[in-house]
Amino acid sequence: MAMHAVQYDSYGSGSAGLKHVEVPVPTPKKDEVLVKVEATSINPLTGKFRRACFVHFFLPSFLLFLIAVALCFMFFTSPISTKCLKTIDVGGEVVEVGSNVKRFKAGDKVVAMLNALNGGGSAEYAVANESLTVPRLAEVSAAEGAGLIVAGLTALQALVNHSEVKLNGTGPRKNILFTAASGGVGHYAVQLAKLGNTHVTATCGVRNIDLVKSLGADEVLDYNTPEGAALKSPSGQKYDAVIHCTTGIPWSTFEPNLSSSGNVIDITPAVCAMWTFAVKKLTFSKKQLVPLVLILKKENLELIVGLVKEGKLKTVIDSKFPLSKAEDAWSKSIDGHATGKIIVEP
Ligand SMILES: NC(=O)c1ccc[n+]([C@@H]2O[C@H](COP(=O)([O-])OP(=O)(O)OC[C@H]3O[C@@H](n4cnc5c(N)ncnc54)[C@H](OP(=O)(O)O)[C@@H]3O)[C@@H](O)[C@H]2O)c1
């Protein structure tokens, strides 16, 4: 059986390099489920890879460089189906299961993280490993679920693993700054932080100030003002942690705003950030820069899907595009001005 999919045939051509094709519906292996895709979300990371920003994005650290080499190897040696856009966040319905799959059957609504190397979410059907698939509760739409995966898990990891925030509200009070709180990661991070014992300062553009306040931020700075650019808390708070979700802010701007042992959790580490990371480590500085690389975990996805069901977390949807207009969704993501998540619906 054939399906509609969006693929790319060359690097460096932005959304213009995408093409619409008919390809065979993938067959699930024994540990996989075949999902009829109802929604997939776009992450800027994929756009960067697509635009071949190797020098800007992958050079920063040896670790990331090795990952890039592995990705390139997988890409150039993979069958054509892996050229499907590397969207890995999918919400949909199981239509077939592999012989070893125990937890799902045809008809189950799910949220699934696709293989990060192959992607394939920008298609009518996609295969996902059972171990990275979770039930989608009735209260969670396919689009809400698809938005959650990379962005929501990054936000959760930054807070819980790197900033020691406990989502049940216990634990010491933390003052946290979020940059780009209106974006995919930032808007989840603000909401999750407010489940914990935190004071939240957030930056965003002026058009999103009311939205970010409504997500729970205690103080909001317009990043286009001098105060916003300086990241200074209006009430004079020093930050125990900064969850840094944009680019182009040097350590020298963060440093005076940190508490005596404050950390910057950088989800977009560039060359300078990796240098700072190394220097701070080697000098045993109390203030550290921590580069974040997302580790996908099923139990974390179950946790955040559950929070959406309970009404404690919501996906702000910037825009929805049909699969036939996937290139427009891609352009929008590359522009870097989404408010919340961009969704593609086959
Ligand atoms: N390390 C990892 O594993 C990992 C995981 C996920 C994402 N990431 C990376 O994290 C970054 C953020 O991802 P995302 O999905 O949140 O991005 P996004 O949704 O594209 O972010 C867009 C938002 O950022 C705002 N923004 C842009 N520049 C800003 C600035 N200087 N200060 C404050 N706000 C600013 C924009 O507001 P305006 O429209 O008003 O400008 C817009 O609302 C990306 O670079 C992505 O690749 C890394």
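Residues numbered from 1 in each chain as written. Predicted model: local features only at pLDDT ≥ 70, side-chain atom pairs only at ≥ 80, totals over all residues. Heavy atoms only, no water.

A.B. asks: So what's going on with the pairing of strand β12 (residues 258-266)? Residues and values would help.
C.D. replies: In this sheet, β12 lies alongside strand β11 (residues 239-244) in parallel orientation, the contact comprising 5 bridges. Among the inter-strand pairings, valine 242 is bridged to a residue of β12, identified as valine 264. Taken together, the 4 bridges between β12 and strand β13 (residues 288-291) define a ladder with parallel strand orientation. Its bridge partner lying in β13, aspartate 266 is registered against proline 291. (Pairing = 2+ DSSP bridges. Helix = DSSP H or I, 4+ residues; strand = E, 2+ residues; numbered from the N terminus.)

A.B. asks: Run through the nonpolar core, naming residues and quoting values.
C.D. replies: With 43 residues, the main nonpolar core has Phe178, Leu192, Leu301, Ile304 and Leu313 as its most contacted residues. Mapped onto this core, the elements with two or more residues apiece are β5 (109-113), α4 (142-161), β8 (174-178), α5 (184-195), β9 (198-204), α6 (209-214), β11 and α10 (298-309). Ranked by residue count, the leading element in this core is α4, at 8 residues. Counting residues in hydrophobic clusters, the runner-up holds 14 residues, among them Val94, Phe104, Ala128 and Val150. (Core = buried A, V, L, I, M, F, W, Y, C linked by side-chain atoms within 4.5 Å. Buried < 20%, exposed > 50% of the residue type's maximum accessible area, 1.4 Å probe, protein only.)

A.B. asks: Break down the sheet that holds β13 for me, citing the residues and quoting the values.
C.D. replies: Read across the sheet, 6 strands follow the order β10-β9-β8-β11-β12-β13 without closing on themselves; strand pairing throughout is parallel. In this open sheet, the two edge strands, each paired with only one partner strand, are β10 (219-222) and β13. Pairwise comparison of adjacent strand axes, ignoring direction, gives a mean angle of 20° for this sheet. One ladder, built from 5 bridges, connects β8 with β9; its direction is parallel. (Axes fitted to C-alpha atoms, helices over the stretch in contact; angles between N-to-C directions.)

A.B. asks: So what's going on with unusual backbone geometry? Which residues, and what values?
C.D. replies: A positive phi angle is found at glutamate 164, which is not glycine, with a value near 55°. With respect to the helices and strands, the residue glutamate 164 is situated in the loop between α4 and β8. A residue is classified by how much of its surface remains accessible, and glutamate 164, at 56% relative accessible area, is exposed.

A.B. asks: Let's hear about the pattern of salt bridges: which residues, and what values?
C.D. replies: Applying the stated rule across the entire model yields 11 salt bridges. Of the charged contacts, one joins lysine 298 and glutamate 302 as a salt bridge, the two residues approaching to 3.7 Å between their closest N and O atoms. Pair noted here: lysine 298 and glutamate 302 are both in helix α10, with a separation of 4 residues, about one helical turn. Of the charged contacts, one joins lysine 332 and aspartate 318 as a salt bridge, the two residues approaching to 2.5 Å between their closest N and O atoms. Linking lysine 332 in helix α11 (residues 326-335) with aspartate 318 in strand β14 (residues 317-322), this pair joins segments that are 14 residues apart in sequence. The exposure class of aspartate 318 is partly exposed, given its relative accessible area of 22%. Several salt bridges share partner residues, and in doing so they unite Glu38, Glu93, Lys109 and Arg136 into one network. (Salt bridge = Lys/Arg side-chain N within 4 Å of Asp/Glu carboxyl O.)

A.B. asks: So what's going on with the packing of α4 against α10? Which residues, and what values?
C.D. replies: The geometry of α4 relative to α10 is characterised by a closest axis approach of 10 Å and an angle of 120° between their N-to-C directions. With respect to α10, the element α4 is oriented oblique. In this structure, α4 meets α10 at a crossing whose hand is right-handed. Counted together, Glu144, Leu148, Ile149, Gly152, Leu153 and Leu156 of α4 and Asn300, Leu301, Leu303, Ile304, Val305 and Val308 of α10 form the full contact between these two elements. Among the residues forming the contact of α4 with α10, the class breakdown is 9 nonpolar, 2 polar and 1 charged. (Parallel < 35°, antiparallel > 145°, perpendicular 65-115°, else oblique. Left-handed = near helix turned anticlockwise from the far one by under 90°. Contact = heavy atoms within 4.5 Å. Nonpolar A, V, L, I, M, F, W, Y, C, P; charged D, E, K, R; others polar.)

Nothing here speaks to function; it is geometry throughout.
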